[in-house]
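Residues per chain are reported as follows:
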Amino acid sequence: MTVNDALFQYTLRLGDTNLILGQRLSEWTGHGPFLEEDLALTNITLDITGTAKSLLEYAALVEGKSRTADDLAYLRNDRHYFNAQITELPNGDYARTIVRQAIIDCFDFYFYTELAKSKDETLAGIAQKSIKEVTYHLRHTASWVERFGDGTEESHNKAQTALNELWQYTGELFEMNEIDEILIKEGIAVDLNLVKAKWEQYMTDLLQKSTLVKPENVFMQTGSRKGIHTEYLAFILAEMQALPRMYPDAKW
Amino acid sequence: MISKEQILSLLSEIPDPEIPVISIIELGVIRDISIIDNASISLKITPTYSGCPAMKQIEDDVRKKLTENGFTNITIITIYSPPWTTDWINAEAKEKLRKYGIAPPENTTEDKSWLTGKIKSIACPRCKSQNTKLISQFGSTACKALYQCSECLEPFDYFKCI
Ligand SMILES: [Zn+2]
């Protein structure tokens, strides 16, 4: 694999994770638990979808085969998507959506902090931009985790159940393969072991503050690095891709 | 040949699509202008927020303005580095925001005290009272937070520091 191939695959993976998460979260728009929270999550969704756009545009440029960001988003099947599985899982109730979001915001916070130092100027630029936004996201979702966990018995149970169900999908966030190896040597990609240590520390502190129990010895799901997904991804793509596939020349 | 100052003054006529009291130049999103000749120009533009829907509008407005002024070959490149910051909004533009009813960004982004929860008080843009409270970190657009004044009771937007 050439460095350029690896850079394309890497950027695509990051773009896919943001795109699928943004698409999933957008289901809450207009359905949030109350107005301010609806606006907050919709703003977060917008940032994430915007980051996906920046990343997929760059992936298309790196690939150099005259595919556009829209082609990448709308004309690939689930087996050619590399988003982390946690992003495609159904939203569930609000506690579950927020617990997942805090897990990912915390990952993104430390990940983009590292990526901002990348030797690839475009990735570093996108990371510098995103980290400012993610800082706000994490502050918001972490404070909700605390309120759910340390709130009523019902909110506590919902947050704990979400945590127990979602934890098995966190291992994948830190998986590295040939793509990462090639790009770490070039000073482009992030060594996810560095991110993992910081993420674990933050999550441990947050869960403790929230009176939630961190799941231990969990079997970790895997597959997205190879394009293997849960059954939920294909349904998201079906909805997201229906229009551009039906009207391939549609402009708006 | 048309000068950079003339281009800047042309672009200063374009209002921000979401906050029309300030221009896109005052917003600080135009990062570089290179004039090739009287028909060709290349501009670098940087987004305020990753998902800001106004960016497309700004790009379209810039194209329209330049086309009206004789340019036929317009290149607009989006750059991400250095990332946009509210520090690029100058004092004059901040005053325009305040008059419009949006509390301008109070701190420089160098000041990270808000990260630890120590948020400086934001003055109400209407009655100037410091007795205000945060309703939500996220407001009507990506760049704003929602506050309420405890004196005059009016809710207001605050342009957050990033
Ligand atoms: Zn007031």
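Residues numbered from 1 in each chain as written. Chains lettered and ligands numbered in written order. Predicted model: local features only at pLDDT ≥ 70, side-chain atom pairs only at ≥ 80, totals over all residues. Heavy atoms only, no water.

A separate point is the domain arrangement of chain B. Residue and element names in this part refer to chain B. Here the domain parsing of chain B yields domain 1 (4–78) and domain 2 (91–159). Distance between the C-alpha centres of domain 1 and domain 2: 27 Å. Facing 8 residues of domain 1, the contacting portion of domain 2 comprises 10 residues. Summing both partners gives a buried area of about 840 Å² for domain 1 against domain 2, and 75% of it is carried by carbon and sulfur. Between E26 and K96 there is a salt bridge, with its nearest N and O atoms 2.7 Å apart. (Domains from an automatic or database assignment. Contact = heavy atoms within 4.5 Å. Buried area = accessible area lost by both parts, 1.4 Å probe. Salt bridge = Lys/Arg side-chain N within 4 Å of Asp/Glu carboxyl O.)

Attention shifts here to the nonpolar core. Nonpolar side chains in soluble globular proteins generally cluster together in the buried interior. Judged by nonpolar contacts, the single largest core of 113 residues is most densely connected at Y10(A), F111(A) and V62(B). For this core, the element with the most residues is helix α4 (residues 94–115) of chain A, which contributes 13 residues. Here this core spans two domains, and each of domain 1 (4–78) and domain 2 (91–159) of chain B adds at least three residues to it. Setting aside chain neighbours within four positions, we find V62(B) in contact with L11(B), I14(B), I24(B), I30(B), L43(B) and I76(B). Listed in part, the 9 residues of the second largest apolar core include C124(B), A145(B), F156(B) and C161(B). (Core = buried A, V, L, I, M, F, W, Y, C linked by side-chain atoms within 4.5 Å. Buried < 20%, exposed > 50% of the residue type's maximum accessible area, 1.4 Å probe, protein only. Helix = DSSP H or I, 4+ residues; strand = E, 2+ residues; numbered from the N terminus.)

So, on to the coordination of the zinc ion. Residue and element names in this part refer to chain B. The protein atoms that coordinate the zinc ion are C124 (SG), C127 (SG), C149 (SG) and C152 (SG), at distances of 2.3 to 2.4 Å. Geometry at the zinc ion is tetrahedral, judged from the 4 donor atoms that bind it and their angles of 102 to 117 degrees at the metal. According to the relative accessible area criterion, C124 is buried, its value standing at 2%. When its relative accessible area of 35% is taken as the criterion, C127 is described as partly exposed. (Donors = N, O, S within 2.8 Å, 3.2 Å for Na, K, Ca; no water. Tetrahedral: all angles 85-135°; square planar, octahedral: opposite > 155°, others 65-115°.)

Here we come to the environment of A142(B). Within the secondary structure, A142(B) is located in the loop between β5 (132–136) and β6 (144–149). Residue classification places A142(B) among the buried positions, given a relative accessible area of 12%. The sequence separation of A142(B) and Q57(B) amounts to 85 residues, and the corresponding C-alpha distance is 15 Å. Apart from residues no more than four positions distant in its own chain, A142(B) is found in contact with N43(A), D47(A), Y49(B) and K160(B).

Each side of the interface is counted separately: chain B has 25 residues, and chain A has 24 residues. Buried surface at the junction of chain B and chain A, summed over both partners, amounts to about 2,200 Å²; 62% is from carbon and sulfur atoms. Here chain B and chain A share 0 salt bridges between them. The tally of links between chain B and chain A comes to 10 residue pairs in polar contact (both at pLDDT 80 or more). Taken together, the residues of the side of chain B that touches chain A sort by class into 15 nonpolar, 9 polar and 1 charged. (Polar contact = N/O pair within 3.5 Å; in protein donor to acceptor, adjacent residues only side chain to side chain. Nonpolar A, V, L, I, M, F, W, Y, C, P; charged D, E, K, R; others polar.)

A word on empty space enclosed by the protein. Residues and elements named next belong to chain A. As enumerated under the stated definition, the model contains 6 cavities of 30 Å³ or more in all. By volume, the largest cavity amounts to about 230 Å³. Forming the walls of the largest cavity are 18 residues, and the residues nearest its centre are L14, T17, F107, D108 and F111. Residue assignment for the lining of the largest cavity shows that the elements contributing at least two residues are α1 (3–25) and α4. A per-element tally of the lining of the largest cavity places α1 first, with 6 residues. Counted by class, the lining of the largest cavity contains 11 nonpolar, 3 polar and 4 charged residues. (1 Å grid on protein atoms, 1.4 Å probe; cavity = no way out; pocket = protein on both sides within 12 Å on 5 of 7 lines; lining within 4 Å. Points joined across faces, edges and corners; volume = space filled by probe spheres on them.)

Here we take up the packing of aromatic side chains. Under the defined criterion, the tally for this structure stands at 14 aromatic pairs over all chains. In this structure, R147(A) is placed above the aromatic ring of W144(A), and the distance from its NZ or CZ to the ring centre is 4.1 Å. (Phe/Tyr/Trp six-rings, centres within 6.5 Å; stacked < 30°, edge-to-face > 60°. Lys NZ or Arg CZ within 6 Å of the ring centre and 35° of its normal.)

A few words now on the sheet that holds strand β2 (residues 40–45) of chain B. Residue and element names in this part refer to chain B. The strand order across the open sheet built from 3 strands is β1-β2-β3, with neighbouring strands paired in mixed fashion. Either end of the sheet is taken by a strand with one partner, and the two such strands are β1 (30–35) and β3 (73–78). Put simply, the sheet's adjacent strands are angled 15 degrees from each other on average, direction ignored. Taken together, the 6 bridges between β2 and β3 define a ladder with parallel strand orientation. Of the residues in β3, the one forming a bridge with L43 is I76. In this fold helix α1 (residues 4–11) packs onto β1 and β2, with an angle of close to 135 degrees to the strand it touches most, β1. (Pairing = 2+ DSSP bridges. Axes fitted to C-alpha atoms, helices over the stretch in contact; angles between N-to-C directions.)

Residue and element names in this part refer to chain A. One can describe the packing of α1 onto helix α2 (residues 35–63) by two numbers: an axis separation of 8 Å at closest approach and a directional angle of 155 degrees. One way to sum up the angle between α1 and α2 is to call them roughly antiparallel. The two elements α1 and α2 cross, and the hand of that crossing is left-handed. Counted by class, the contact of α1 with α2 contains 15 nonpolar, 8 polar and 2 charged residues. (Parallel < 35°, antiparallel > 145°, perpendicular 65-115°, else oblique. Left-handed = near helix turned anticlockwise from the far one by under 90°.)

With that settled, the discussion passes to the state of the cysteines. Here a disulfide denotes a covalent bond joining the sulfur atom of one cysteine to the sulfur atom of another. Inspection of the entire model under this criterion finds 0 disulfides over all chains. We note that C143(B) lacks a disulfide partner, and the nearest cysteine sulfur, in C52(B), lies 6.6 Å from it. (Disulfide = S-S within 2.5 Å.)

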